[in-house]
Every structure is written in C-alpha cells, then in structure tokens.
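Residues per chain, in single letters:
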Amino acid sequence: MAGRLALAAAGAALTTAGLAAARAAAGRPGAVRWRRTNYAGRPVTLLGGAALATSATLTAAAGAPAGFGPAALLVGAVSGVVGGYDDLAGARPDQARDKGLAGHLAALRAGRVSAGAVKVAGIGAAAAGAALLTRRGTGAGAVADAVLTTGLVAGTANLVNLLDLRPGRAAKAGALLAGTTLAGPTGALVAGPLGSALAVLPDDLGERVMLGDAGANALGAVLGLRLAAGRSRGARVAVLGVVTALTLASEKVSFTRVIEATPGLRELDRLGRRPA
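Keep in mind that this is a model prediction, so the values were computed, not measured. (Residues numbered from 1 in each chain as written. Predicted model: local features only at pLDDT ≥ 70, side-chain atom pairs only at ≥ 80, totals over all residues. Heavy atoms only, no water.)

Here we come to the overall build of the chain. A count of helical and extended segments in the chain gives twelve helices and two strands. Traced from its N-terminal end to its C-terminal end, the chain shows the element sequence α-β-β-α-α-α-α-α-α-α-α-α-α-α. The globule rule puts the C-alpha radius of gyration for 276 residues at 19 Å, and the 18 Å found for the chain is close to it. For the C-alpha atoms alone, the extent of the chain along its principal axes is close to 50 × 50 × 40 Å. For the chain, the residues scored as buried account for 49% of the 276 residues in total. When contacts within the chain are restricted to residue pairs at least 6 apart in sequence, those whose partners lie at least 24 apart make up 77%. When the accessible surface of the chain is split by element, carbon and sulfur atoms take 69% of a total near 12400 Å². When the 29 positive and 14 negative side-chain charges of the chain are each reduced to one mean point, those points stand 3 Å apart. (Helix = DSSP H or I, 4+ residues; strand = E, 2+ residues; numbered from the N terminus. Rg over C-alpha atoms; globule rule 2.2 N^0.38 Å. Buried < 20%, exposed > 50% of the residue type's maximum accessible area, 1.4 Å probe, protein only. Contact = heavy atoms within 4.5 Å. Areas by Shrake-Rupley, 256 points an atom, 1.4 Å probe, with all protein chains shown as cover. Lys, Arg positive; Asp, Glu negative; His and termini not counted. Charge placed at Lys NZ, Arg CZ, Asp CG, Glu CD.)

Counting 47 residues, the largest nonpolar core has Val75, Leu189, Val200 and Leu225 as its most contacted members. At the level of elements, helix H1 (2-26), helix H2 (47-63), helix H3 (69-89), helix H5 (115-133), helix H6 (140-162), helix H7 (169-180), helix H8 (191-205) and helix H9 (212-228) are the ones that each hand at least two residues to this core. Sequence-distant contacts of leucine 189, defined by excluding residues within four places in its chain, comprise Ala60, Gly63, Ala64, Pro65, Phe68, Val222, Leu225 and Arg226. Membership of the second largest hydrophobic core comes to six residues, among which are Ala22, Ala31, Trp34 and Leu46. (Core = buried A, V, L, I, M, F, W, Y, C linked by side-chain atoms within 4.5 Å.)

Right, let's talk about the UniProt feature "signal peptide" (unreviewed entry) in the chain for a bit. The feature "signal peptide" (unreviewed entry), as annotated in UniProt, sits at residues 1-20 in this numbering. Structurally, residues 1-20 is divided into 95% helix and 0% strand, and its ends, taken at the C-alpha atoms, are 29 Å apart. (UniProt positions renumbered as here; feature names shortened; annotations may be inferred.)

Here we come to the packing of H3 against H9. Between two packed helices, the angle of one axis relative to the other and the distance separating the axes together describe the packing. Where H3 contacts H9, the axes come no closer than 7 Å and their chain directions differ by 155 degrees. Comparing their axes, H9 and H3 come out roughly antiparallel. As for the relative orientation of H3 and H9, their crossing is right-handed in sense. Between H3 and H9, the residues in contact are Ala71, Ala72, Val75, Gly76, Ser79, Gly80, Gly83, Gly84, Asp86 and Asp87 and Gly212, Asp213, Ala214, Asn217, Ala218, Ala221, Val222 and Leu225, respectively. Residues of the contact of H3 with H9, tallied by class, amount to eight nonpolar, seven polar and three charged. (Axes fitted to C-alpha atoms, helices over the stretch in contact; angles between N-to-C directions. Parallel < 35°, antiparallel > 145°, perpendicular 65-115°, else oblique. Left-handed = near helix turned anticlockwise from the far one by under 90°. Nonpolar A, V, L, I, M, F, W, Y, C, P; charged D, E, K, R; others polar.)

Side chains of Leu14, Leu58 and Leu73 sit close together on the surface and give an oily, nonpolar patch of about 250 Å² of accessible area. With respect to the secondary-structure elements, leucine 58 resides in helix H2. (Patch = residues over 30% accessible without salt bridge, like charges linked within 9 Å, V, L, I, M, F, W, Y side chains within 5 Å. Salt bridge = Lys/Arg side-chain N within 4 Å of Asp/Glu carboxyl O.)

Quick look at the environment of alanine 142 now. Summarising the element assignment, alanine 142 is placed in helix H6. It is 9.7 Å that separates the C-alpha atoms of alanine 142 and leucine 132, two residues lying ten residues apart in sequence. Residues in contact with alanine 142, not counting those within four places in the same chain, are Arg136 and Gly137.

On to the pattern of salt bridges, then. Opposite charge on two side chains makes pairing possible when the charged atoms of those side chains draw close. One pass over the structure, following the stated rule, counts eleven salt bridges. Across the pair aspartate 213 and lysine 119 runs a salt bridge whose closest N-O atoms are separated by 3.4 Å. Of this pair, aspartate 213 sits in helix H9 while lysine 119 is found in helix H5, placing the two residues 94 residues apart along the sequence. The burial state of aspartate 213 is the same as that of lysine 119; both residues are buried. The salt bridge involving arginine 208 is made with aspartate 203; its shortest N-O contact spans 3.5 Å. The exposure class assigned to aspartate 203 is buried, which follows from its relative accessible area of 8%.

Contact geometry of H1 with H2 gives a least axis separation of 8 Å together with a crossing angle of 155 degrees. Regarding the angle of H1 to H2, the classification is roughly antiparallel. Every pair of crossing elements has a handedness; the one defined by H1 and H2 is right-handed. Mapping the contact onto sequence places Leu7, Ala10, Gly11, Leu14, Thr15, Gly18, Leu19, Ala22, Ala25 and Ala26 in H1 and Leu47, Gly48, Ala51, Ser55, Thr59, Ala62 and Gly63 in H2. Looking at the contact of H1 with H2, its residues break down into ten nonpolar, seven polar and no charged.

So, in structure tokens, the structure goes:
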C-alpha cells in the first residue's frame, strides 16, 4: 500500500508541476492554438490535458506489473499525441462536422480523413500493440485475450473522452475508475493516474484548463489497460460489453441530459463546479 500511495503522490506532483508550466506558457503567443472557449463561454487552455497525459502515462508505467510497463508507455503516449493532434486539427472549420463515429465514417465516404479518424486509428493501433506486448500463451485463449485488451484500451480511452463535456466530469470518472480498481496484483498500474486525475481537478473544475482529447484519451487508455490486466476473462468480456454499449449509446443519447436527469449522478457531476 505504501508503494501505491507513493505512486499516487508522484502522479499528483507531476501533474501539479505540469499545470504550473501550462499556466506559464498559456500567455505566450504560440499557445493561442491551445486556447478554447468552454460550454459556459469561459476561456480555457488545453495544455492542462498534456500535463495530465504525461503524468498519467509515466506513473502508470512506473507502477505497472511485470510485462505491462512498455504497454502502458505505448498506449498513454500514443493516445496523448494523437489526441493532441485531434485537439488542434479537429478545431479547424473544415473538421467541424466530422464529429462522432458517424461523422468520421461520413468523412471517409466523402474521401476525407478526419482528425478524429486519425486519432481512432492511432489509439486502436496502440491498443493492439499493447495486446501483443502483454500476450501470454498461444491458441484461441491468447487470441481472445488480445481482442479484449485491444477493445478495453481503445474503448475506455474513447469513453473517458466522451465525458469531457463539462468541467471535472472526465477527471472525476477517471479518478473513480482508478480508485475502484486500485486493489489487486495489478492495481498499482492506476495508482499514479489516480493521483494525476485528482491533482488536475481543481484547475479543471475552476475552468482554467480543459482535458481535451490529449488528456482524456491518455487517462482512459491507461485505465483501460488496467481493466485488461484483470484475471477473469468473463469479467473482462462483461466490462467490454458495458464500454461498447455506452459508446454506441453516445451516438444517439446525450450523456449530459442523462446525468442531469439522474439524482446522485447530477449532484456528483456538479460537485465543485462553478455556476454556468
């Protein structure tokens, strides 16, 4: 337990240092491309997401069990980089309609490759790479495990990003998932990301930073790797089913509307947030 507390503290410290650097850089001319206006019309910077991605990735790798360190570095780094690309390229006017799975597919049918499609392909490739790096054994069981790892890493990265529509929502969800999976032989993998998510919350809730695709995708990817490291194949199948169902539902249902209409979830979502 002491080792996991140390990893959580390291994650918090790295994120805090990264946020300080982001605040220092936010006023420079070159940082204007990282500035956004959030749902309430307030200015925020996406550089906080880069700080979270870096911290969560490094501390996940540091706490990963044998054989999972390189995979944690791979999924966290690639998800952060392609997420950052989508943060920048996806903000262009010509990319405005290419949102969601339907938007990416429509762009491909029209002969265009959206920034989101590049991100999806990059995260999917990293997730498949993680499956190869962590494979054990051969045969049908090993193939099933590889499919589950790929799906859980890519799916959780996307799901956490889908929650980044209100201040603190994705970081809270990430912290809750990390906290509930902290126990067990592979729980140290998410100890650092837990500290990272908690440390970014004050700036996220204070609407000074936004996680963006870089931060949310990287955090979700390392959390997905933790889910993939579970011993029970049946449990992993069930979790992947839930992640897939929520992802498909997001194409038709607004998560914000569901959260606002659900007592308990509504209060948790609003906790610490500034009035709109």
